[in-house]
Amino acid sequence: QVQLVESGGGLVQAGGSLRLSCAASRSIFRINAMGWYRQAPGKQRELVAAITSGGSTNYADSVKGRFTISRDNAKNTVYLQMNSLKPEDTAVYYCNADVYARGVWDRGDYWGQGTQVTVSS
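Residues numbered from 1 in each chain as written. Predicted model: local features only at pLDDT ≥ 70, side-chain atom pairs only at ≥ 80, totals over all residues. Heavy atoms only, no water.

Draft legend 1. A look at the packing of aromatic side chains. Taken as a whole and judged by the stated rule, the model has one aromatic pair. The lysine or arginine in question, Arg-19, covers the ring of Tyr-79, its NZ or CZ lying 4.1 Å from the ring centre. We note Arg-45 situated over the ring of Tyr-94; from NZ or CZ to the ring centre the distance is 3.7 Å. (Phe/Tyr/Trp six-rings, centres within 6.5 Å; stacked < 30°, edge-to-face > 60°. Lys NZ or Arg CZ within 6 Å of the ring centre and 35° of its normal.)

Structure (structure tokens):
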């Protein structure tokens, strides 16, 4: 079983920055796309940013220019640098990974446990 372990959430004032990290807990054959989603109270989970194994990225319009997703393939880790944070960024942030766990026959979609990000005004 693949586990994704997130860290880096917390409370920050508007205009501040946070960096989220998400690491796979075991050796993995290959990680394809990785991404960050968020879910605010009363709202649906939404994609924030995603990155392919080759490094191509895409972002939600609401975070373009403020957030940067990156990954370290050697460490099976994905990061989300969040700058110029706004109160509307407040949500639980979830890491997601499309993974070949032991080989190409063993593909799965995995989620982290979520980390709270709270931006005060």
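Draft legend 2. Looking closely at the sheet that holds strand E3 (residues 18-24). Spatial strand order, E1-E3-E8-E7: four strands in an open sheet with antiparallel pairing. Because the sheet does not close on itself, it has two edges, and the strands there are strand E1 (4-7) and strand E7 (67-72). Strand-to-strand twist of the sheet, defined as the mean angle between neighbouring strand axes without regard to direction, takes the value 15 degrees. Here E7 runs beside strand E8 (residues 77-82); their pairing, made up of six bridges, is antiparallel. The residue bridging Ser-70 from the neighbouring strand is Tyr-79, located in E8. (Pairing = 2+ DSSP bridges. Helix = DSSP H or I, 4+ residues; strand = E, 2+ residues; numbered from the N terminus. Axes fitted to C-alpha atoms, helices over the stretch in contact; angles between N-to-C directions.)

Draft legend 3. The arrangement of unusual backbone geometry in detail. A positive phi angle, close to 50 degrees, is found at Asn-76, a residue other than glycine. Structurally, Asn-76 can be placed in the loop between E7 and E8. Using a relative accessible area of 17% as the deciding quantity, one classes Asn-76 as buried. The backbone of Ser-84 shows a phi angle near 50 degrees, a positive value even though the residue is not glycine. Examined against the element boundaries, Ser-84 turns out to sit in the loop between E8 and strand E9 (91-100). (Buried < 20%, exposed > 50% of the residue type's maximum accessible area, 1.4 Å probe, protein only.)

Draft legend 4. Focus on the environment of Tyr-59. Structurally, Tyr-59 is set in strand E6 (residues 57-59). Taking relative accessible area as the criterion, Tyr-59 reaches 22% and is therefore assigned partly exposed. Distance in space between the C-alpha atoms of Tyr-59 and Leu-47 is 7.7 Å, their sequence separation being 12 residues. In this structure the side chain of Tyr-59 is engaged in a polar contact, spanning 2.9 Å, whose partner is the backbone nitrogen of Ile-69. (Polar contact = N/O pair within 3.5 Å; in protein donor to acceptor, adjacent residues only side chain to side chain.)

Draft legend 5. Structural view of the state of the cysteines. In the structure shown here, the tally under the stated rule is one disulfide. Two residues, Cys-22 and Cys-95, share a disulfide whose sulfurs are 2.1 Å apart. Between Cys-22 and Cys-95, the S-S torsion sits near -80 degrees, and that sign places the bridge as left-handed. With Cys-22 in strand E3 and Cys-95 in strand E9, the pair connects residues that are 73 residues apart, well separated along the chain. (Disulfide = S-S within 2.5 Å.)

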